[in-house]
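Chains, contacts and geometry: an overview
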Amino acid sequence: MTDGAPRAPRRVRSATESLLAIALGLEACLVFFVTLTVYGLRVLDPVAAFVGGGALLVLLVLTTRLVRYPWGVGLGWLLQVVLIATGILVPIMYVIGAGFAAIWVFCFIKGRSLDRAKAAVTSQGSTS
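Let us look at the structure shown here. (Residues numbered from 1 in each chain as written. Predicted model: local features only at pLDDT ≥ 70, side-chain atom pairs only at ≥ 80, totals over all residues. Heavy atoms only, no water.)

To continue, consider the packing of helix H1 (residues 15-40) against helix H3 (residues 70-85). Axis separation between H1 and H3 bottoms out at 12 Å; the angle between their running directions is 30 degrees. Taken as axis vectors, H1 and H3 run roughly parallel relative to one another. In the packing of H1 onto H3, the handedness of the crossing is left-handed. For the pair formed by H1 and H3, the contact residues are Leu-20, Leu-24, Glu-27, Leu-30 and Val-31 on the first element and Val-73, Gln-80 and Leu-83 on the second. (Axes fitted to C-alpha atoms, helices over the stretch in contact; angles between N-to-C directions. Helix = DSSP H or I, 4+ residues; strand = E, 2+ residues; numbered from the N terminus. Parallel < 35°, antiparallel > 145°, perpendicular 65-115°, else oblique. Left-handed = near helix turned anticlockwise from the far one by under 90°. Contact = heavy atoms within 4.5 Å.)

The next subject is unusual backbone geometry. Of note in this structure, Arg-42 is not a glycine but carries a positive phi near 55 degrees. The residue Arg-42 is located in the loop between H1 and helix H2 (46-66) in this model.

The next subject is a positive patch on the surface. Together, Arg-7, Arg-10, Arg-65 and Arg-68 make up a region of like positive charge exposed at the surface. Secondary-structure assignment places Arg-68 in the loop between H2 and H3. Exposure remark for Arg-68: the relative accessible area of 38% places this residue in the partly exposed category. (Patch = residues over 30% accessible without salt bridge, like charges linked within 9 Å, V, L, I, M, F, W, Y side chains within 5 Å. Areas by Shrake-Rupley, 256 points an atom, 1.4 Å probe, with all protein chains shown as cover. Salt bridge = Lys/Arg side-chain N within 4 Å of Asp/Glu carboxyl O. Lys, Arg positive; Asp, Glu negative; His and termini not counted. Charge placed at Lys NZ, Arg CZ, Asp CG, Glu CD. Buried < 20%, exposed > 50% of the residue type's maximum accessible area, 1.4 Å probe, protein only.)

Quick look at the nonpolar core now. Among the nonpolar cores identified, the biggest contains 22 residues, and Leu-20, Leu-60, Val-67 and Trp-104 are the most heavily contacted of them. For this core, the secondary-structure elements that each account for two or more residues are H1, H2, H3 and helix H4 (92-127). For this core, the leading source of residues is H1, giving 9 residues. Every residue in contact with Leu-20, bar those within four places of it in the chain, is listed here: Val-67, Val-73, Trp-104, Cys-107 and Phe-108. (Core = buried A, V, L, I, M, F, W, Y, C linked by side-chain atoms within 4.5 Å.)

Attention now moves to the packing of aromatic side chains. Scanning the model with the defined rule gives 5 aromatic pairs in all. Measuring from ring centre to ring centre gives 5.0 Å for Tyr-39 and Phe-50, while their planes differ by 45 degrees; the resulting arrangement is tilted. A residue pair is termed long-range when its members are at least 10 positions apart, and Tyr-39 in helix H1 and Phe-50 in helix H2 qualify at 11 residues. Seen in terms of ring centroids, Tyr-69 and Trp-71 are 5.6 Å apart; in terms of plane orientation they differ by 5 degrees. Their pairing is stacked. Site record: aromatic cluster; members linked through ring pairs are Trp-77, Trp-104 and Phe-108. (Phe/Tyr/Trp six-rings, centres within 6.5 Å; stacked < 30°, edge-to-face > 60°.)

This is how it looks when you write it as structure tokens:
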């Protein structure tokens, strides 16, 4: 069913973008289970629990595609604060949210380091 036209090459993702997207995806999975927990413990009204949890989950998933932009990374930082703040509903989320925020920080720092190293190798290869 193709018309024979060549496909455009895929955009190369940076290591930072890839690592941050993975961290946000894992956080989206976490939010799914936290939403079920908030509902099961009757912490919130079921509609509030599922609408709030669903909105946060969708925002996390959408942000996985937006971390290619500097403002998307900023949104990711904001979502880390929101995730920790869910500890208001389920206190253990202070600890779990902080753990995921630590993963986010690690991915941010390591991704930037890998991107700098790749840029250095690429620039050495092009000058030789």
